[in-house]
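Structural overview for review
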Amino acid sequence: MGRVLMKGTEAIAEAAIQAGCKHFFGYPITPQNEIPEYMSKRLFEVGGVYLQAESEVAASNMILGGGSTGEPVMTSSSSPGVSLMAEAISYMAGQETPVVIVNVMRAGPGLGGILPAQGDYSQATGGMAHGDFKLIVLAPSTVQESVDMMQKAFNLAQKYRNPVVMICDGVIGQIMEAVEIPEGNPENLSNPVDWACGYMKERGKRTILHSLILDPEELESHNKHLEAKWKRIKEKETDCETYKTEDAEVVISAFGTVARIARSVVDKLRAEGFKVGLIRPLLVSPFPEKEFEGLISTCKHILDVEMNWGQMKKDVESAVKYRIPVSFFGHTGGICPTVSEIEREVRKIFTELG
Amino acid sequence: MSEKIVYERPKSWVKDVHTHYCPGCTHGIVHRIICETIDELGIQEITTGIAPVGCAAMMYNYIDIDYIEAPHGRAPAVATGFKRVRPDRLIFTYQGDGDLASIGAAEIVHAANRSENITVIFINNAIYGMTGGQMAPTTLIGQKTTTTKDGRDPQKAGYPMRMCEMLKTLEGPAYIERVSAAKPAHLPSLKRAIKKAFQNQIDNKGFSLVEVLSTCPTNWGMSPLKSCDWVVESMIPYYPLGLFKDFE
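Our subject in this report is the structure included herewith. Keep in mind it's a predicted model, so treat the numbers as computed, not measured.

Reading guide: rules and limits
- Residues numbered from 1 in each chain as written.
- Chains lettered and ligands numbered in written order.
- Predicted model: local features only at pLDDT ≥ 70, side-chain atom pairs only at ≥ 80, totals over all residues.
- Buried ≥ 20, exposed ≤ 12 C-beta atoms within 10 Å, placed from the backbone.
- Helix = DSSP H or I, 4+ residues; strand = E, 2+ residues; numbered from the N terminus.
- Pairing = 2+ DSSP bridges.
- Axes fitted to C-alpha atoms, helices over the stretch in contact; angles between N-to-C directions.
- Parallel < 35°, antiparallel > 145°, perpendicular 65-115°, else oblique.
- Left-handed = near helix turned anticlockwise from the far one by under 90°.
- Contact = placed C-beta atoms within 7 Å.
- Expected span 1.5 Å × (residues − 1).
- Core = buried A, V, L, I, M, F, W, Y, C linked by C-beta atoms within 7 Å.
- Nonpolar A, V, L, I, M, F, W, Y, C, P; charged D, E, K, R; others polar.

Observations regarding the pairing of strand S6 (residues 208–213) of chain B
Residues and elements named next belong to chain B.
- Burial runs high along S6: six of the six residues are buried.
- On S6, burial covers both faces: Ser208, Val210 and Val212 on one face and Leu209, Glu211 and Leu213 on the other are all buried.
- Of the strand pairs in this sheet, strand S4 (residues 119–124) and S6 are connected by six bridges, and their pairing is parallel. Opposite asparagine 124, over in S6, you have leucine 213 as the bridge partner.
- Pairing between strand S5 (residues 175–180) and S6: six bridges, direction parallel. By the bridge assignment for S6, isoleucine 176 is matched with leucine 209.

Re the packing of helix H3 (residues 56–67) of chain A against helix H2 (residues 75–85) of chain B
- Between H3 of chain A and H2 of chain B, the least distance of the axes is 6 Å, while the angle of their chain directions is 50 degrees. Of the possible angle classes, the one that applies to H3 of chain A and H2 of chain B is oblique. Considering how the two elements wind past one another, H3 of chain A and H2 of chain B form a crossing that is right-handed. The residues of H2 of chain B that touch H3 of chain A, namely those facing Ala58, Asn61, Met62, Ile63, Leu64, Gly65 and Gly66 of chain A, are Ala77, Val78, Ala79, Thr80, Gly81, Phe82, Arg84 and Val85 of chain B.

Details of helix H7 (residues 187–202) of chain B
All names here are of chain B.
- For H7, built from 16 residues, the straight-helix expectation of 22 Å at 1.5 Å per residue is met to within 8% by its first-to-last C-alpha distance of 23 Å.
- Within H7, the full set of buried residues consists of Leu190, Ala193, Ile194, Lys196, Ala197, Phe198, Asn200 and Gln201.
- Those residues of H7 hidden inside the fold are in contact with helix H1 (27–41), strand S3 (90–96), S4, S5 and S6.
- Phi for asparagine 204, located one or two positions after H7, is positive at around 55 degrees.

Remarks on the nonpolar core
- If you look at the biggest cluster of nonpolar residues, it comprises 186 residues, and the most contacted ones within it are Ile252 and Ala262 of chain A together with Ile121 of chain B.
- Per element, the largest residue contribution to this core is nine residues, and it comes from helix H7 (residues 143–160) of chain A.
- Here alanine 262 of chain A is in contact with Ile252, Ala254, Leu278, Val305 and Ile342 of chain A, once residues within four sequence places are set aside.

A few points about the sheet that holds strand S12 (residues 250–253) of chain A
Residue and element names in this part refer to chain A.
- As summarised here, the arrangement of the five strands in space is S11-S13-S12-S15-S16, forming an open sheet in which the pairing is mixed. Looking at which strands have only one partner, the edges of the open sheet turn out to be strand S11 (240–243) and strand S16 (326–330). For this sheet, the mean angle separating the axes of adjacent strands, direction not counted, is 20 degrees.
- Where strand S15 (residues 301–306) meets S16, five bridges bridge the pair, whose relative direction is parallel. In the strand pairing of S16, leucine 303 is matched with serine 327.

Concerning the environment of valine 165 of chain A
- Among the structural elements, valine 165 of chain A can be located in strand S8 (residues 164–169).
- Expressed as a C-alpha distance, the spacing of valine 165 of chain A and proline 80 of chain A, which sit 85 residues apart in the sequence, is 15 Å.

Description of the sheet that holds strand S7 (residues 242–246) of chain B
- Strand order across the open sheet formed by eight strands is S10(A)-S2(B)-S1(B)-S3(B)-S4(B)-S6(B)-S5(B)-S7(B), with mixed pairing between neighbours. Two strands in the sheet have a free side with no partner beyond their single neighbour: strand S10 (208–209) of chain A together with S7 of chain B.
- Here strand S1 (residues 47–51) of chain B runs beside strand S2 (residues 66–69) of chain B; their pairing, made up of four bridges, is parallel. The partner of threonine 48 of chain B across the bridge, within S2 of chain B, is aspartate 66 of chain B.
- Of the strands in this sheet, S1, S4 and S6 of chain B are in contact with H1 of chain B, which crosses S4 of chain B at around 160 degrees.

Notes on the interface of chain B and chain A
- Each partner contributes to the interface: chain B provides 27 residues, whereas chain A provides 34 residues.
- Contributions of two or more residues to the side of chain B that touches chain A are made by S1, S2, H2 and helix H4 (105–113) of chain B.
- Take the side of chain B that touches chain A: its biggest share by element is eight residues, from H2 of chain B.
- A class-by-class count of the residues in the side of chain B that touches chain A yields 14 nonpolar, four polar and nine charged.
- Bridge count for S10 of chain A against S2 of chain B is two bridges, and the pairing is parallel. The partner of leucine 209 of chain A across the bridge, within S2 of chain B, is isoleucine 68 of chain B.

Describing the pairing of S4 of chain B
Residue and element names in this part refer to chain B.
- Counting buried positions along S4 yields six of six residues, so the element is predominantly enclosed.
- Every second residue of S4 is oriented toward a common face, with Thr119, Ile121 and Ile123 on one face and Val120, Phe122 and Asn124 on the other, all of them buried.
- Summarising the sheet, S3 and S4 pair through five bridges and their orientation is parallel. Bridged to glutamine 95 within S4 is phenylalanine 122.

Re the packing of H2 of chain B against H4 of chain B
Residues and elements named next belong to chain B.
- Interhelical geometry of H2 versus H4 gives an angle of 40 degrees and a closest axis separation of 7 Å. With respect to H4, the element H2 is oriented oblique. Judged by residue contacts, Pro76, Ala77 and Thr80 of H2 engage Glu107, Ile108 and Ala111 from H4.
- For the contact of H2 with H4, a count of residues per class yields four nonpolar, one polar and one charged.

Brief notes about helix H5 (residues 86–95) of chain A
Residue and element names in this part refer to chain A.
- Within H5, eight of the 10 residues are buried, leaving the element largely enclosed by the surrounding structure.
- Buried residues of H5: Glu87, Ala88, Ile89, Ser90, Tyr91, Met92, Ala93 and Gly94, and no others.
- Buried residues belonging to H5 abut H3.
- Following H5 by one or two positions, glutamate 96 has its phi on the positive side, about 60 degrees.

Things to note about the environment of arginine 74 of chain B
- Mapped onto the secondary structure, arginine 74 of chain B falls in the loop between S2 and H2.
- C-alpha separation for the pair arginine 74 of chain B and isoleucine 33 of chain B, spaced 41 residues apart in sequence, amounts to 24 Å.
- For arginine 74 of chain B, the contacting residues outside a window of four places in its chain are Val57, Asn61 and Ala88 of chain A together with Gly104 and Glu107 of chain B.

Here it is in structure tokens:
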């Protein structure tokens, strides 16, 4: 469709449709209302279905039902709404339902505020709900990247039969940028006839998608299967960008919008001769441990910058095996760190390093 | 002399299995009637059931069709999602009173209001069976449960909810009927209602719900026979049998 100027939320919605998603179930919540609004018109034009659920609880269970057919389905919400989806997410992880959930994060806790934040990092990367499982979590940094990631999200969900979450902060949801939405390239990586409901005739036998397993040995064996799947995902699907880190003594670690701000800091300080770089996970779960480990030989200090109180910091520290000191700078409440604030922090670190 | 088969296991009943239900429980009767309906309508290969949370959680062990397990109360939302994606397939929920009238009250009301083209079988036995006999939203006034040891007091625990009567006030539903599984004389109506609720979905008529007054001898602390009498003597006066809504 060529290069167009679009709001992040609307671009995400169109990208999902191009990625092959014809069914959307959701409930309004700021700052992501343009996704359901866009879907409510566009999906019917392409022969799909938009349904406004009675709650996020219902919306998440609708994608559980819809996803059980093997067709690509999605919902979107923002932080308090995503918390309401925790129950269904646990069931979908257990029953291996391929679905995509977009979380345009707002500031918390509680009802919090509607401005951008990254306070749901721990929630998303921790699996979001009860039980022992992990979700694939994508964290785009620009509107174009969020568009590109939608296709990836649906493909990963299908490939691994696992819920996939995209966490964007409110900046990406609300900013307008020039984007190119690629024609869909869905990879049919799981054949619904093998496992999904509605194909008893084609399969010659029925399927039961359930997570209730009362026999402890059987349940552990199912959990081992989920864990083995996660190990495969960890081996194959990490995605991380490093920017000018080859010789960097100080590296900023950040994801989402903050990484974009941090990139400007790197360019500014590099022009003055400071050896500073940026490392940015595109997938925050599984976490790109190897790429972070690669910093150990050259990097003397990592500054982790987030729009929360440092939720990713523990993953960074663990990935560099606690061999590089990691300090933190950030804001919460809906405040974005500025270039000058991050720059000041980096300068302080260089002064301390001497 | 030729012999004619007059009674046999339904074809959609999983071969050689017996249910785990307590003696005198009516789940088995309702399961069997669902199987008969599936066989008679020839819909085994296109029907998916939503397995509930409760005593019937493992009903997939007995009825040989595709199944999705739903979180407690969410079956109407799960069924909605399935049906919206696959309108060419049939879906039904099978929900107890705690499932449908308590934790899933929002989901059933909105699925009914949208007239989702789904079939709902609502088992009302006025108690929580699986968790061991606690009060249900449909527990009768004065009925003793493990959480209303002196009998349900409406001042403390509210009144029993009549779901068919509530749901019939909505414009959406196509068909709502309350039947009973407690007495042999009730079973022809039970069969007719369940079959109609599936036929309605085949005919794209919209939301159909059959409430089945059922027993729980174990948690009621009664014999199976006494339980069947209790449905007639105590439940039917408060939950009258009959048709509440029929779009035709």
